[in-house]
Every structure is written in structure tokens, then in C-alpha cells.
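# Architecture at a glance
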Amino acid sequence: MLCLLGFVQQLSFKTKEIDLNRNAPKKSNAQKQRTTPVALEWLVRVRRNEALAKMELNDLDGAMLAAHAACNISKNASPESIIVLARICQRKEDVDGELQALKNLFELPVDENKLSVQEKNDRRLAGIRMQRLQFQQQ
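## Focus on the layout of surface pockets
In this model, the second largest pocket occupies a volume close to 330 Å³. Taken together, 16 residues line the second largest pocket, and the ones lying closest to its centre are Pro79, Glu80, Ile83, Leu105 and Glu119. With 5 residues, helix H4 (residues 79-91) is the largest single contributor of residues to the lining of the second largest pocket. Of the residues in the lining of the second largest pocket, the class split is 9 nonpolar, no polar and 7 charged.

## A short note on the packing of H4 against helix H5 (residues 95-107)
With their axes 8 Å apart at the nearest point, H4 and H5 run at an angle of 165° to one another. Considered as vectors, H4 and H5 are oriented roughly antiparallel to each other. For H4 against H5, the interelement crossing comes out left-handed. Here Pro79, Ile82, Ile83, Leu85, Ala86, Cys89 and Gln90 of H4 lie close against H5, whose contacting residues are Gly97, Glu98, Ala101, Leu102, Asn104 and Leu105.

## Structural notes on the pattern of salt bridges
As enumerated under the stated definition, the model contains 5 salt bridges in all. Here Lys92 ties to Asp61 by a salt bridge, and the two come within 2.8 Å at their closest N and O atoms. Taken together, the residues Lys92 in the loop between H4 and H5 and Asp61 in helix H3 (residues 60-73) connect sequence positions 31 residues apart. A residue is classified by how much of its surface remains accessible, and Lys92, at 34% relative accessible area, is partly exposed. Judged by relative accessible area, Asp61 falls into the exposed class, the value being 52%. One salt bridge in this structure joins Arg123 and Glu112, with 3.8 Å as the shortest N-O distance. Taken together, the positions of Arg123 in helix H6 (residues 117-137) and Glu112 in the loop between H5 and H6 put the pair 11 residues apart, joining distant regions of the chain. We classify Arg123 as buried; its relative accessible area is 16%. A single network of salt bridges, built from pairs that share partners, joins Arg47, Glu50 and Lys54.

## Overview of the nonpolar core
Ala51, Ala67, Ile82, Leu85, Ile88 and Leu102 are the most contacted members of the largest nonpolar core, which totals 22 residues. Of all elements in the fold, only helix H2 (29-56), H3, H4, H5 and H6 reach the threshold of two or more residues within this core.

## A short note on the confidence of the model for the protein chain
On average, residues of the protein chain score 83 in pLDDT, and 74% of them are at 70 or above. The secondary structure element of the protein chain with the lowest average pLDDT is helix H1 (residues 2-21), at 58, and the one with the highest is H3, at 96. With pLDDT under 50 throughout, residues 28-36 is counted as low confidence; its partners more than four residues away or in other chains account for 2 contacts.

## Looking at unusual backbone geometry
Of note, Asn58 is a non-glycine position whose phi angle comes to about 65°, a positive value. Mapped onto the elements, Asn58 comes out in the loop between H2 and H3. Of note in the backbone geometry, Asn76 takes a positive phi value of approximately 55° without being a glycine. Along the chain, the position of Asn76 falls in the loop between H3 and H4.

The rules behind these values
Residues numbered from 1 in each chain as written. Predicted model: local features only at pLDDT ≥ 70, side-chain atom pairs only at ≥ 80, totals over all residues. Heavy atoms only, no water. 1 Å grid on protein atoms, 1.4 Å probe; cavity = no way out; pocket = protein on both sides within 12 Å on 5 of 7 lines; lining within 4 Å. Points joined across faces, edges and corners; volume = space filled by probe spheres on them. Helix = DSSP H or I, 4+ residues; strand = E, 2+ residues; numbered from the N terminus. Nonpolar A, V, L, I, M, F, W, Y, C, P; charged D, E, K, R; others polar. Axes fitted to C-alpha atoms, helices over the stretch in contact; angles between N-to-C directions. Parallel < 35°, antiparallel > 145°, perpendicular 65-115°, else oblique. Left-handed = near helix turned anticlockwise from the far one by under 90°. Contact = heavy atoms within 4.5 Å. Salt bridge = Lys/Arg side-chain N within 4 Å of Asp/Glu carboxyl O. Buried < 20%, exposed > 50% of the residue type's maximum accessible area, 1.4 Å probe, protein only. Core = buried A, V, L, I, M, F, W, Y, C linked by side-chain atoms within 4.5 Å. pLDDT = per-residue confidence, 0-100.

If you want it as C-alpha cells, here you go:
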């Protein structure tokens, strides 16, 4: 529990550091293209981990904000972040939010041949969950 609180506190410091770095001198376009995707991937992963940590602490509202931030930063292109958002919606019993997150997940282009067995199973379970939710809404 103390470890999760330390993680959330460290995340707060890193987020402030990123905000401060936004005002730093601008880099050339070539430098931006090399560093931006890695920085964004890192930030998406940090926000997703923050959401998971807050979910474990039963701070579902904070977890929801962090998961939305991860999805927004990735422009809904991170399947892992969308799955975390769906899980949080499920814990909050937000059927509409969970269904929308799952729909967003299945709108992403996916090369089935490149997925691991675990990723294929996760997608299959998410598809089953989405069908159940759609059936409940009818």
C-alpha cells in the first residue's frame, strides 16, 4: 500500500516536471520526431500505471481520470490503456462507459498475426464482455 502511494506521489512530481519542460526552448522538427513518440509512450504508460495503482487503492474517480488521460494522450491508440479504462468502468458499474471503451478497442486496426497468445485471449474476452453488455442494453 505504501509502495502504491509512493508511486502516485512520484508520478505527481514527474507530471510537474513534464509541465515545466513544455516551456523549455523548442527543438527542431527532426529532434521532435525522434523524441516525441518515446516520450508519449512513456507518459501513456505512466498514466496507465497510475490508473491501475489508484484502482487498487479503490480511488476509482482518480483511476478514471488517469485512464482517460492515458487514452487522450495516445489518441485512443493504446489498447492497453483502453482495456484499463474498461476495467475501471466495470468496477464503477458504468455500463455505457465500459461499452464505449470496448467499442473503441475493437475499432483499432490490429494485425492478428503479431498478437501474442495472451493478447488474443484478452481480445476474445473483451469481445465476449462487449456482447454481454450490448445484450443487457437491449
